[in-house]
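What the coordinates show
Listed here are the chains, written in short residue letters.
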Amino acid sequence: MNSQRSRGSFRAKSPDQPKAKDQTKANANGKSKAQRDHHKTDRVDKSPKSAEDKRAPKRGSRKQPSKKEKDPHDCESEDKPNETPAPKRGTINPQSKKQRDPEISESKYEENGTSVPNNANNPVGKERQDSAQSKDPRKKLDCESEDKPRQTVKSKSDEKPAPKRQGKKEREPLNPGKEESLDSSKSKLEAKSTAKPRRLEYAIKTDLSDAHSSDRQKKSAEQTAMKGLKVDDTLGKVLKATIDKLKIKKNERSNACSRVNDITDKVIAHLKRNTTWCEEIESLRTGSYYENVKICEPDEFDVMLTIPVERVDIQKFDEAGAFYSIALKRHPKTHPLDRFLNEDKTIQASEMLNEFRDAIKKAVEKLPYQIKIQRKKPKCPAVTLEIKMEENGKIICVDIVLGLKVHCASWPDFTKDGFKIENWLGKKEKANMKHQPFCLVPKYEGKGNAEHDGVVAKDAWRISFSHIEKEILKKHGHNKTCCEDVGEKCCRKESLKLLKYLLQQLKEDDSKSNKMSSFCSYHAKTTLLHACATRGTDNEWAYSQLADCFQQLLEDFVKHLKNRHLPNFFIPSYNLLHQASRSSCDFLANEIEFQRNNNFPIFS
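Keep in mind the model is a prediction, meaning the values are calculated, not measured.

Let us now look at the overall build of the protein chain. The secondary structure content of the protein chain amounts to 16 helices and 11 strands. Within the protein chain, buried positions represent 41% of all 604 residues. Summed over all atoms, the accessible surface of the protein chain reaches about 35300 Å², with 49% contributed by carbon and sulfur.

In structure tokens, the structure reads:
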């Protein structure tokens, strides 16, 4: 026991040890003679006596050393079970401190007792072992040679070796960083486990309120869509900032709308009580505010007060096809509008409009608001009210327009080639809208005393589909769920707002106002209607593609300007740009191209 053994070798049995001890040790581990014979065949030795003497006991079956013989640096745990039938190499020979080589012991046993699998099933390992045994039978069971360590293959059972037992001074973690990472991963797992119930609790709380949930869905949908604007792109940033700037504050919008509705209702009530031909008058709210395309501030409202008529005879007043003379057709003997008829039954629009204006003045005088009526503008059929808001001192303009609502089986023949929404909103939707009445508004151009077939210009009427336009923009998507909570958001209205804002900014520039006098927001809306009819699917107007869609809309508008031709969406024969000069159209086209090429400095 005191004799020095070579480094890295396993403990071999002394030849002086009695064979009875071997038998006792084998019986103690419950191993039969057949099993021992089987293990002997795994390792071939030229000397039978040396093979018998140097047979390595299995792990866990070695003789328990006494307290004096125990070595704290043993590379195997005492209680590790024998998991494979193949014999494992024996216990490391305990050495004194002076004989122990620390470098070899650390490199050799850093795996804490890893054993070598049976070489009987490994031809390469067996070949190496046979050559080593032929050179030196005494070292045939060595784990490693003295000079070159032998690379061994780990078994699955030995991938997690038992830790090395050390003294108090040596009890330090072999890999402190690894243990710290394990501790940190455990703490992260604990944090995640505690965070899950919190998220679950938050989700339950948010689902309790449907109103708040829908608001969050809209907001998240907008944010998700805005991500597609290419925030790294300069144009995307400019358009996003402009859209945010054009939004109307909810409280201002609510206050303005409630004030306008209250005034409108009281004016209608006054007209029904004090004006005989206005007993059946009704309100038709149209315009950008009710179409949800108003920009910047809720400072302009359009209200049409209509009088219903059954049958009318419509005749063209000019070659442009925009103005008409209106005559009542097959009406009863007494009609509220008889007082405004000429001998040929045509309606005197100018006389009717004058009485309407006087009745509005009387109705407004009795209202408890600060309201001022603007002076009559030439060729303008609207009665404009200026309402001062007490809350912020801002002025709201309300245009009250007189109109005739014509209930008939179909629209006039000159509309049959227009209103092409079948590939956009569908044939069924188009048929439903065409069954609605159309409106006529007193409007003329040129000199009011100019006659055409016995009818003066001031008695001419213009056909209006403003209530249909409002319904189109309300049902603006190819899919029924477009821009709803459950649907995808499009950029049709946002593109229109940007185009309207571009025209507004150019008109407010004093150096450009003269050239811009012929253009209005209705040109922008008509351009959008034509564009939607041409590109009807929703994926062509995806909100994430706002920059591309707006550029395409501007390209359409520039094309109309260069051709000086923008057909009315309902009456294709009527060119909305027929009054604009060629130089004005070219000027606006060049201004738009300049803004496009420079990322719209006018929006900043």
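Moving on from the model shown.
Below, the discussion takes up the packing of aromatic side chains. Tallied over the full model, the rule gives 16 aromatic pairs. Centroid distance tryptophan 411 to phenylalanine 419: 5.3 Å. Interplanar angle 50°. Geometry classified as tilted. The exposure class assigned to tryptophan 411 is buried, which follows from its relative accessible area of 5%. You can call phenylalanine 419 buried: its relative accessible area is 0%. The interplanar angle of 50° and the centroid separation of 4.7 Å between the aromatic rings of tryptophan 411 and phenylalanine 465 together place this pair among those described as tilted. Taken as a pair, tryptophan 411 in the loop between β7 (395-406) and α11 (427-434) and phenylalanine 465 in the loop between β11 (461-464) and α12 (466-474) lie far apart in primary sequence, 54 residues in all.

This brings us to helix α9 (residues 250-274). Taking 1.5 Å per residue as the helical rise, α9 with its 25 residues ought to reach 36 Å, and the 36 Å between its terminal C-alpha atoms agrees with that figure. Residues of α9 that are buried include every one of Ala256, Cys257, Arg259, Val260, Ile263, Thr264, Val267, Ile268, His270 and Leu271, and no others. Against β1 (282-286), β2 (300-309), α10 (349-365), β5 (371-373), β6 (382-388) and β7 lie the buried residues of α9.

This next bit is on the pattern of salt bridges. As enumerated under the stated definition, the model contains 23 salt bridges in all. The partner of aspartate 299 in a salt bridge is lysine 294, with the nearest N and O atoms 3.0 Å apart. When its relative accessible area of 26% is taken as the criterion, aspartate 299 is described as partly exposed. A relative accessible area of 11% means that lysine 294 is categorised as buried. The network of salt bridges with shared partners includes Glu429, Glu471, Lys475 and Lys480.

This part takes up the environment of lysine 458. Along the chain, lysine 458 turns up in the loop between β10 (455-456) and β11. Taking the C-alpha atoms as reference points, lysine 458 and tyrosine 444, separated by 14 residues in sequence, lie 5.8 Å from one another. Contacts of lysine 458, omitting those with residues within four sequence positions, involve Ala349, Ser350, Tyr444, Gly448 and Asn449.

Checked against the element boundaries, threonine 275 lands in the loop between α9 and β1. Among the residues examined, threonine 275 registers a relative accessible area of 12% and is labelled buried. Apart from residues lying up to four places away in sequence, threonine 275 is in contact with His270 and Ala359.

If you look at the biggest cluster of nonpolar residues, it comprises 114 residues, and the most contacted ones within it are Leu337, Ile347, Met352, Phe356 and Ile472. With 9 residues, helix α15 (residues 546-563) is the largest single contributor of residues to this core. In this view, phenylalanine 356 contacts Leu271, Trp277, Ile281, Leu305, Val383, Ile400, Val401 and Leu402; residues no more than four positions away in its chain are not counted. Judged by nonpolar contacts, the second largest core, of 6 residues, contains Leu284, Ala382, Val401 and Val441.

Taking 1.5 Å of rise per residue, 17 residues should cover 24 Å, and helix α13 (residues 492-508) covers 25 Å from first to last C-alpha, within 8% of that figure. Among the 17 residues of α13, 13 are classified as buried, and the element is accordingly described as predominantly covered.

Now for the packing of helix α8 (residues 234-246) against α15. In contact at an axis separation of 9 Å, α8 and α15 are set at 85° when each is read in the N-to-C sense. Judged by the inter-axis angle, α8 sits roughly perpendicular to α15. Counting all contacts with α8, which are made through Leu235, Leu239 and Ile243, the residues of α15 involved are Leu546, Ala547, Phe550 and Gln551. Residues that form the contact of α8 with α15 fall into these classes: 6 nonpolar, 1 polar and no charged.

Where burial is concerned, most of strand β8 (residues 438-442) is hidden: 5 out of the 5 residues are buried. Judged by which residues are buried, β8 turns out to be covered on both faces: Phe438, Leu440 and Pro442 on one side and Cys439 and Val441 on the other are all buried. Across 4 bridges, β8 lies against β11 in antiparallel orientation. Residue leucine 440 lies in a different strand from β11, and its bridge partner there is isoleucine 463.

Here we take up the packing of helix α14 (residues 521-534) against α15. With their axes 10 Å apart at the nearest point, α14 and α15 run at an angle of 110° to one another. One way to sum up the angle between α14 and α15 is to call them roughly perpendicular. Crossing of α14 against α15: the hand is right-handed. Along its contact with α14, which presents His523, Thr527, Leu528 and Ala531, the element α15 presents Leu553, Asp556, Phe557 and His560. Of the residues contributing to the contact of α14 with α15, the split by class is 4 nonpolar, 3 polar and 1 charged.

So, about the state of the cysteines. Covalent bonding between the sulfur atoms of two cysteines defines a disulfide. Counted by the stated rule, this structure contains 0 disulfides. Residue cysteine 483 stays outside any disulfide, its sulfur separated by 3.7 Å from that of cysteine 490, the closest cysteine. On the accessibility criterion, cysteine 483 (33% relative accessible area) is partly exposed.

For the rest of this paragraph, the subject is the side chain of threonine 286. The topology assignment puts threonine 286 in strand β1. Residue class for threonine 286 comes out buried when judged on its relative accessible area of 5%. Non-local contacts of threonine 286, meaning those with residues more than four positions away in its chain, are made with Asp302, Ser466 and His467.

It is worth spelling out the pairing of β6 at this point. Moving residue by residue along a regular strand, the side chains alternate between the two faces of the sheet. Counting buried residues in β6 gives 5 out of 7 residues, a clear majority hidden from the surface. Two strands pair when backbone bridges link them, and β5 and β6 are joined in this way by 3 bridges, in the antiparallel orientation. In the strand pairing of β6, isoleucine 373 is matched with leucine 385. Relative to β7, β6 runs antiparallel, the two sharing 7 bridges. If you follow isoleucine 387 over to β7, its bridge partner there is isoleucine 396. Following β6, the chain reverses through 6 residues before pairing antiparallel with β7; glycine 393 in that reversal takes a positive phi of roughly 75°.

It is worth spelling out unusual backbone geometry at this point. For lysine 345, which is not glycine, the phi dihedral falls at a positive 70°. Checked against the element boundaries, lysine 345 lands in the loop between β4 (323-328) and α10. Of note, cysteine 483 is a non-glycine position whose phi angle comes to about 65°, a positive value.

Along the chain, the position of phenylalanine 557 falls in helix α15. Sequence-wise, phenylalanine 557 and leucine 499 are 58 residues apart; in three dimensions their C-alpha atoms are separated by 9.4 Å. If near-sequence neighbours (up to four positions away) are discounted, phenylalanine 557 is found in contact with Leu499, Leu503, His523, Thr527, Leu588 and Ile592.

Each value, and the rule that gives it
Residues numbered from 1 in each chain as written. Predicted model: local features only at pLDDT ≥ 70, side-chain atom pairs only at ≥ 80, totals over all residues. Heavy atoms only, no water. Helix = DSSP H or I, 4+ residues; strand = E, 2+ residues; numbered from the N terminus. Buried < 20%, exposed > 50% of the residue type's maximum accessible area, 1.4 Å probe, protein only. Areas by Shrake-Rupley, 256 points an atom, 1.4 Å probe, with all protein chains shown as cover. Phe/Tyr/Trp six-rings, centres within 6.5 Å; stacked < 30°, edge-to-face > 60°. Expected span 1.5 Å × (residues − 1). Contact = heavy atoms within 4.5 Å. Salt bridge = Lys/Arg side-chain N within 4 Å of Asp/Glu carboxyl O. Core = buried A, V, L, I, M, F, W, Y, C linked by side-chain atoms within 4.5 Å. Axes fitted to C-alpha atoms, helices over the stretch in contact; angles between N-to-C directions. Parallel < 35°, antiparallel > 145°, perpendicular 65-115°, else oblique. Nonpolar A, V, L, I, M, F, W, Y, C, P; charged D, E, K, R; others polar. Pairing = 2+ DSSP bridges. Left-handed = near helix turned anticlockwise from the far one by under 90°. Disulfide = S-S within 2.5 Å.

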